[in-house]
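# An overview of the molecular structure
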Amino acid sequence: MDTLILLTAIGLLLWFWQQSLRARELAIRTAQELCARQNLQLLDATVALSGLRLRRATAGHIALQRTYQFEYSRDGDVRQRGFVLLLGLRLETAGLAAES
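Note that the structure is predicted; figures quoted are calculated from it, not measured. (Residues numbered from 1 in each chain as written. Predicted model: local features only at pLDDT ≥ 70, side-chain atom pairs only at ≥ 80, totals over all residues. Heavy atoms only, no water.)

The next subject is the side chain of serine 73. Tracing the sequence through the fold places serine 73 in strand E2 (residues 62-73). Taking the relative accessible area as the measure of exposure, serine 73 reaches 0% and is therefore buried. Engagement of the side chain of serine 73 in a polar contact is seen with the backbone oxygen of valine 78, the distance being 3.0 Å. Each residue touching serine 73, except ones within four places of it in the same chain, is listed here: Leu40, Gln41, Leu43 and Val78. (Helix = DSSP H or I, 4+ residues; strand = E, 2+ residues; numbered from the N terminus. Buried < 20%, exposed > 50% of the residue type's maximum accessible area, 1.4 Å probe, protein only. Polar contact = N/O pair within 3.5 Å; in protein donor to acceptor, adjacent residues only side chain to side chain. Contact = heavy atoms within 4.5 Å.)

As a further point, take the environment of leucine 86. When you line up the elements, leucine 86 lands in strand E3 (residues 80-87). Between the alpha carbons of leucine 86 and alanine 63 there is a distance of 9.8 Å; along the sequence they are 23 residues apart. Discounting residues that sit within four places of it in the chain, leucine 86 has contacts with Ala23, Leu26, Ala27, Leu64, Gln65, Arg66, Tyr68, Leu91 and Glu92.

Taken together, 4 strands build an open sheet; the order of strands is E1-E2-E3-E4 and the sheet is antiparallel. Pairing within the sheet leaves two strands with one partner each, and these edge strands are strand E1 (41-56) and strand E4 (90-96). The average angle at which neighbouring strand axes cross in this sheet is 20 degrees, direction not considered. Where E1 lies against E2, 11 bridges are found, and the strand directions are antiparallel. (Pairing = 2+ DSSP bridges. Axes fitted to C-alpha atoms, helices over the stretch in contact; angles between N-to-C directions.)

Here we take up the nonpolar core. Counting residues in hydrophobic clusters, the biggest one holds 15 residues, and the most contacted among them are Ala27, Cys35, Val47, Tyr68, Phe70, Val84 and Leu86. Of all the secondary-structure elements, those providing two or more residues to this core are helix H1 (2-37), E1, E2 and E3. With 7 residues, the top contributor of residues to this core is H1. Beyond its immediate sequence surroundings of up to four residues, tyrosine 68 is in contact with Ser20, Ala23, Arg24, Ala27, Val47, Ala48, Leu49, Ser50, Gly82, Phe83, Val84 and Leu86. (Core = buried A, V, L, I, M, F, W, Y, C linked by side-chain atoms within 4.5 Å.)

This next bit is on unusual backbone geometry. For residues besides glycine, phi is generally negative; the peptide bonds are generally trans as well. Non-glycine residue aspartate 44 carries a positive phi angle of around 65 degrees. If you trace the backbone, aspartate 44 turns up in strand E1. Aspartate 44 gets classed as exposed once you look at its relative accessible area, which sits at 56%. Its identity is not glycine, yet alanine 45 carries a phi of approximately 50 degrees, on the positive side. Following the sequence through the fold, alanine 45 ends up in strand E1. Note on alanine 45: relative accessible area 47%, which makes it partly exposed.

Encoded structure:
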């Protein structure tokens, strides 16, 4: 019985890790496309996970909501922040901070 619990836990961890990698790839692709449409530079060519929580999806099931942040620049000097919000592996919204 202990072996079954251990194997289930390992399986869940592997599933979570694989889903996290897929979500991060989607967030990076979304940030790249958003910056390209606005003629902006995606700095560091990556995103960082800034939030993770459970939320009910529109279909009624529970899904992980991940919030990623990224930095972009118009001229290469001033860093601004953007975000990508995913529910499961579905893009909820993405945006750029208002420039000051």
